[in-house]
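Survey of secondary and tertiary structure
Now for the letters of each chain:
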Amino acid sequence: MATVAVIGAGFVGLSSAYWLMRDGHAVTLFDPAGPAGGASYGNAGTFANYACIPVNNPSVFRDFHRYLLAADSPFRLRASYLPRLMPWLARFLWHSTPARYEAAVAALGPLLGRAYEGYADLIRDAGLEDRIRRRECLYLYSSERSFRNSADSLRLRREAGVACEVLDASAIRGLEPALAPIFAHGVLFPGSWHLSDPAGFLTALHGWLVGRGLRTEARAVTRLAPGGSGVILVTPDGDERFDHAVVAAGIHSRPLAADCGDSLPLDTERGYHVTFGGVIDPIGRPCGWAERGLYMTPMAQGLRVAGTVELAGLDPRKASGLTGLLARSAREALPALNEPGVRQTDDWLGFRPTFPDGLPVLGRSRASERVVYAFGHQHVGLTLGGLSGMVVADLVAGCAPPLDLMAVDPRRF
């Protein structure tokens, strides 16, 4: 049995704790914000095993000017952040060429295809099935042009083994009659599902793990010092030594990786959500609107509308234009949200950790095999959280993981 520190209490960190404890290790979890205190709190809640199409794809060259200028664009680039962003943005565009984009799809496909393997036992053991809503996700197109332009990505999904069912307007209405009749085409993804409350799922998992011996520290780790026989974690309240450390701290992982000799081009795609209370499940499943870059997901707290991308670093100021776009778009898609008694109850900003090639890192640090990285999951942190935790446990044990990690090895940069 080894002592293992897991840094980060989101989907990846808590899943790692589960798999490590299952192997018999003594695990300590470090996160000053507690379970689901970061990006894992406010996501769309979808298990998106179909999401093998990264944001960096050839369409950015065609549509970039529209994203920057259109009033209904789900993308924002804050000018003051551009000088700092330029190296990352240049690499992002380099990875958006057809060959590199298709290589990313080919790498994500096998990971997503096995994603549920990382959750099946966890959900059963921790008794979390009642927090899952097993209704397929539906992706919608309001524009013929957008649907035509999606043909290539639909082909790549199918080649990656993703089950897809193309729907016309009549089939969409049959599935979700509350939607406005503005969507001519849709794609249904069998095998996908969503959570009724992502933060509640993680809080329950954390409580279950604590009951089985997980130690939790509400402390930030400010530095890592790996050595031959272990890893020292430096915190404001003192240092602590472990046999192994797992870095799963999302956007806050970059400086910890630098401590271990890895200069990794991690930045953030800022995402937003708004929630509508006073409406009981106007739709029965997550519905994505392609042109608006959002998902509408029925949750325990109401209807969560999540999505958009803003490039502006860790500045805590919100872009009111993006929260406004989410709210307006939801009301346009769901007329029931305009009825008396329906109210917008909150808005939220989170920081998706993103690499310019659209892939996470899963692997050991250069400095020491005792430090394992599991971060940078972009839009699929929830989906790949369980599988990432399973891989982390294999790496700590010195076992060969059950899949090829070359494409997500941190040494690719």
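Above this text sits the structure in question.
Presented here is a report on the structure given in the accompanying data block. (Residues numbered from 1 in each chain as written. Predicted model: local features only at pLDDT ≥ 70, side-chain atom pairs only at ≥ 80, totals over all residues. Heavy atoms only, no water.)

Enumeration according to the criterion identifies 20 aromatic pairs in this entry. Seen from their ring centres, Phe47 and Tyr119 are 6.2 Å apart, and the 75° between their planes marks the pair as edge-to-face. With a gap of 72 residues between them, Phe47 in strand 3 (residues 46-47) and Tyr119 in helix 5 (residues 117-126) connect regions that are remote in the sequence. Ring geometry for Tyr139 against Tyr295: centres 6.0 Å apart, planes inclined by 35°, an arrangement best described as tilted. Within this pair, whereas Tyr139 is found in strand 6 (residues 137-141), its partner Tyr295 is found in strand 17 (residues 294-299), the two being separated by 156 residues in sequence. In this structure Tyr295 comes out as buried when scored by relative accessible area, which is 15%. For the cation-ring pair, Arg100 lies above Trp94, with the distance from its terminal atom to the ring centre recorded as 3.5 Å. A cation over a ring is seen here: Arg304 above Tyr41, with NZ or CZ 5.8 Å from the ring centre. (Phe/Tyr/Trp six-rings, centres within 6.5 Å; stacked < 30°, edge-to-face > 60°. Helix = DSSP H or I, 4+ residues; strand = E, 2+ residues; numbered from the N terminus. Buried < 20%, exposed > 50% of the residue type's maximum accessible area, 1.4 Å probe, protein only. Lys NZ or Arg CZ within 6 Å of the ring centre and 35° of its normal.)

We now examine the sheet that holds strand 13 (residues 238-242). Taken in spatial order, the three strands line up as 11-12-13 in an open sheet, and their pairing is antiparallel. Both outer strands of the open sheet, strand 11 (223-226) and strand 13, are each paired with one neighbouring strand and no more. Adjacent strand axes in the sheet meet at a mean angle of 20° when their direction is disregarded. As defined by bridge partners, strand 12 (residues 231-235) adjoins strand 13 across five bridges and the pair is classed as antiparallel. Of the residues in strand 13, the one forming a bridge with Ile232 is Arg241. (Pairing = 2+ DSSP bridges. Axes fitted to C-alpha atoms, helices over the stretch in contact; angles between N-to-C directions.)

With eleven of eleven residues buried, strand 15 (residues 267-277) lies mostly within the body of the structure. Because side chains alternate across strand 15, one face comprises the buried residues Asp267, Glu269, Gly271, His273, Thr275 and Gly277, and the other comprises Thr268, Arg270, Tyr272, Val274 and Phe276, equally buried. Bridge analysis of strand 15 against strand 19 (residues 343-354) gives eleven bridges, and the strand direction is antiparallel. Paired with Gly271 across the two strands is Gly350, which belongs to strand 19.

So, about the packing of helix 1 (residues 11-22) against helix 12 (residues 381-397). Closest axis-to-axis distance for the helix 1/helix 12 pair is 7 Å, and the angle between their directions is 40°. Looking at the two axes, helix 1 sits oblique to helix 12. Helix-helix and strand crossings are classified by hand; for helix 1 and helix 12 the assignment is right-handed. The residues of helix 12 that touch helix 1, namely those facing Phe11, Val12, Ser15, Ser16, Trp19 and Leu20, are Gly381, Leu382, Gly385, Gly386, Ser388, Gly389, Met390, Val392, Ala393 and Val396. (Parallel < 35°, antiparallel > 145°, perpendicular 65-115°, else oblique. Left-handed = near helix turned anticlockwise from the far one by under 90°. Contact = heavy atoms within 4.5 Å.)

This part covers the pattern of salt bridges. Applying the stated criterion across every chain, the model contains 27 salt bridges. Residues Glu310 and Arg78 are paired through a salt bridge, measuring 3.0 Å at the closest nitrogen-oxygen approach. Within this pair, whereas Glu310 is found in strand 18 (residues 302-311), its partner Arg78 is found in the loop between strand 4 (75-77) and helix 3 (82-94), the two being separated by 232 residues in sequence. For Arg78, a relative accessible area of 17% gives the class buried. A salt bridge links Asp357 to Arg412, with the shortest nitrogen-to-oxygen separation between them at 2.6 Å. In this pair, Asp357 is assigned in the loop between strand 19 and strand 20 (361-364) and Arg412 in the segment after helix 12, connecting sequence segments 55 residues apart. According to the relative accessible area criterion, Arg412 is partly exposed, its value standing at 26%. Counted as one network, the salt bridges with shared partners bring together Arg78, Arg270, Glu310, Asp315 and Arg317. (Salt bridge = Lys/Arg side-chain N within 4 Å of Asp/Glu carboxyl O.)

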